[in-house]
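Below are the chains, spelled out letter by letter.
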Amino acid sequence: LSRRSPAADVEWLSADLTEAGVTARALAGRHFDVIYHTASLPGDTGQPEEMVQVNVGGLQTLLEFARQTQPGRFVLTGSISACGWYPPTPYIHPVSLPVNEEHPCWPRDMYCLTKRMQEELALTYFHQYGVPVVVLRLPGVMGPNASGGSQAWGDFAQQARAGGRVPVPMHSAEEVNHYVDVRDVATGHILAASVPEAVGEIFNLAGPKEISGEELAEVIRQLIPGAETYYADGWTSAQGHQLYF
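Residues numbered from 1 in each chain as written. Predicted model: local features only at pLDDT ≥ 70, side-chain atom pairs only at ≥ 80, totals over all residues. Heavy atoms only, no water.

### Describing the side chain of Lys-115
Piece 1. Along the chain, Lys-115 falls in helix 3 (residues 110-129).
Piece 2. Glu-119 provides the closest opposite charge to the buried, unpaired Lys-115, separated from it by 8.2 Å. (Helix = DSSP H or I, 4+ residues; strand = E, 2+ residues; numbered from the N terminus. Buried < 20%, exposed > 50% of the residue type's maximum accessible area, 1.4 Å probe, protein only. Lys, Arg positive; Asp, Glu negative; His and termini not counted. Salt bridge = Lys/Arg side-chain N within 4 Å of Asp/Glu carboxyl O.)

### A closer look at helix 3
Helical geometry: 3.6 residues make up each α-helical turn, so side chains three or four residues apart lie on a common side.
Piece 1. Compared with the 28 Å implied by 1.5 Å per residue over 20 residues, the 27 Å span of helix 3 between its first and last C-alpha is a close match.
Piece 2. On the buried face of helix 3, the contacting elements are strand 1 (34-37), helix 2 (48-69), strand 2 (73-79), strand 3 (133-138) and strand 8 (202-204).
Piece 3. Downstream of helix 3 by a residue or two, Gly-130 has a phi angle that is positive, lying close to 80°. (Expected span 1.5 Å × (residues − 1). Contact = heavy atoms within 4.5 Å.)

### Focus on the pairing of strand 3
Piece 1. Taken across its 6 residues, strand 3 has 6 buried, putting it largely inside the fold.
Piece 2. The alternating pattern of strand 3 places Val-133, Val-135 and Arg-137 on one face and Val-134, Leu-136 and Leu-138 on the opposite face, and all of these are buried.
Piece 3. The pairing of strand 2 with strand 3 spans 6 bridges and is parallel. In the strand pairing of strand 3, Thr-77 is matched with Leu-136.
Piece 4. For the crossover that starts at strand 2, traverses helix 3 and ends in the parallel strand 3, the hand is right-handed.
Piece 5. Direction of pairing for strand 3 relative to strand 8: parallel, over a ladder of 3 bridges. Residue pairing for strand 8: Leu-136 is matched across the bridge by Phe-203. (Pairing = 2+ DSSP bridges. Right-handed = clockwise from strand over helix to strand, strands pointing away.)

### Some thoughts on helix 6 (residues 213-223)
Piece 1. Residues of helix 6 that are buried include every one of Gly-213, Leu-216, Ala-217 and Ile-220, and no others. The buried residues of helix 6 occupy an angular sector of 100° when the element is viewed end-on, so they sit on one face. (Arc of directions from axis to C-beta.)

### What about the sheet that holds strand 2?
Piece 1. Reading across the sheet, the 4 strands line up as 1-2-3-8 and stay open at both edges, with parallel pairing between neighbours. Each edge of the sheet is formed by a strand with only one pairing partner; in this case those strands are strand 1 and strand 8. Along the sheet, successive strands turn relative to each other by an average axial angle of 20°, direction set aside.
Piece 2. Its contacts with the sheet place helix 2 against strand 1, strand 2 and strand 3, and it is angled at close to 175° to strand 1.
Piece 3. Where helix 5 (residues 182-192) meets the sheet, its contacts fall on strand 1, strand 2 and strand 3, and the angle it forms with strand 3 comes to roughly 160°. (Axes fitted to C-alpha atoms, helices over the stretch in contact; angles between N-to-C directions.)

### Quick word on the packing of helix 2 against helix 3
Helix-helix packing is characterised by the crossing angle of the two axes and by the distance between the axes.
Piece 1. The geometry of helix 2 relative to helix 3 is characterised by a closest axis approach of 10 Å and an angle of 15° between their N-to-C directions. Taken together, helix 2 and helix 3 sit at an angle that is classed as roughly parallel. By crossing handedness, the relation of helix 2 to helix 3 is classed as right-handed. Note on element contacts: helix 3 touches helix 2 through Met-110, Tyr-111, Thr-114, Lys-115, Met-117, Gln-118, Leu-121, Ala-122, Tyr-125 and Tyr-129, opposite Pro-48, Met-51, Val-52, Asn-55, Val-56, Leu-59, Gln-60, Leu-63, Glu-64 and Arg-67. (Parallel < 35°, antiparallel > 145°, perpendicular 65-115°, else oblique. Left-handed = near helix turned anticlockwise from the far one by under 90°.)

### Considering the packing of aromatic side chains
Piece 1. Inspection of the entire model under this criterion finds 5 aromatic pairs.
Piece 2. Between Tyr-86 and Tyr-111, the aromatic rings sit 4.7 Å apart at their centres with planes inclined by 35°, giving tilted as the arrangement. Remark: Tyr-111 occurs in helix 3 and Tyr-86 occurs in the loop between strand 2 and helix 3; sequence separation between them is 25 residues. The same class applies to Tyr-86 as to Tyr-111, namely buried.
Piece 3. Ring plane angle 85° and centroid distance 6.1 Å describe the contact between Tyr-86 and Trp-235, whose orientation is recorded as edge-to-face. Taken together, the residues span a long stretch of sequence, with Tyr-86 in the loop between strand 2 and helix 3 and Trp-235 in the segment after strand 10 (228-231) at a distance of 149 residues. (Phe/Tyr/Trp six-rings, centres within 6.5 Å; stacked < 30°, edge-to-face > 60°.)

Interpretation in functional terms is not warranted from these geometric data alone.
In structure tokens, the structure reads:
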């Protein structure tokens, strides 16, 4: 279900989640084993009304459909930004490291706020209406062939392929940040839809290990022999500090 047709050869339902009536007509008479909600704005558009309308209103439309039809599972693709860490937002030191799911949330911009609102809205539908919700919090997503969650990662991969001086997309050698591979994200979504004990919970879905700027630079030098690396103030939530989950 999306506004634009997918590249994959799958059945496609055309709808804009911000238009509740259109979405209801597209979904009329249907029932699903699992609903994966991945339809959110990937960053702050600078338009507060749009942020709330798409991220919160769009989710509410689909949660209401789930309330009426009771799928086997409703998996919300969320973000670590719900806790308050987002690259353009001034960094706040964590209370403790690694950051677990009980860490306080400090959203201070519309992107972080709407991602946190999504979590609360989804879990309210679980507690009040019994919709079997699972929330996944993703950090920076990366994957093969420049796939991932941000244009910054794609730009970095393109520059790395070109060779020569290769930017390390972190602020310094000392920065410690946490990423997740897109293939692990897929596995996490499958588990969230199948493990009974996951219902009603929030999970940080990060890679098996955090990485420092120096470690990432060494990986680049191993993959691209002769590459000269430099730190390029990357699009990172750690912003030169330490942030891992």
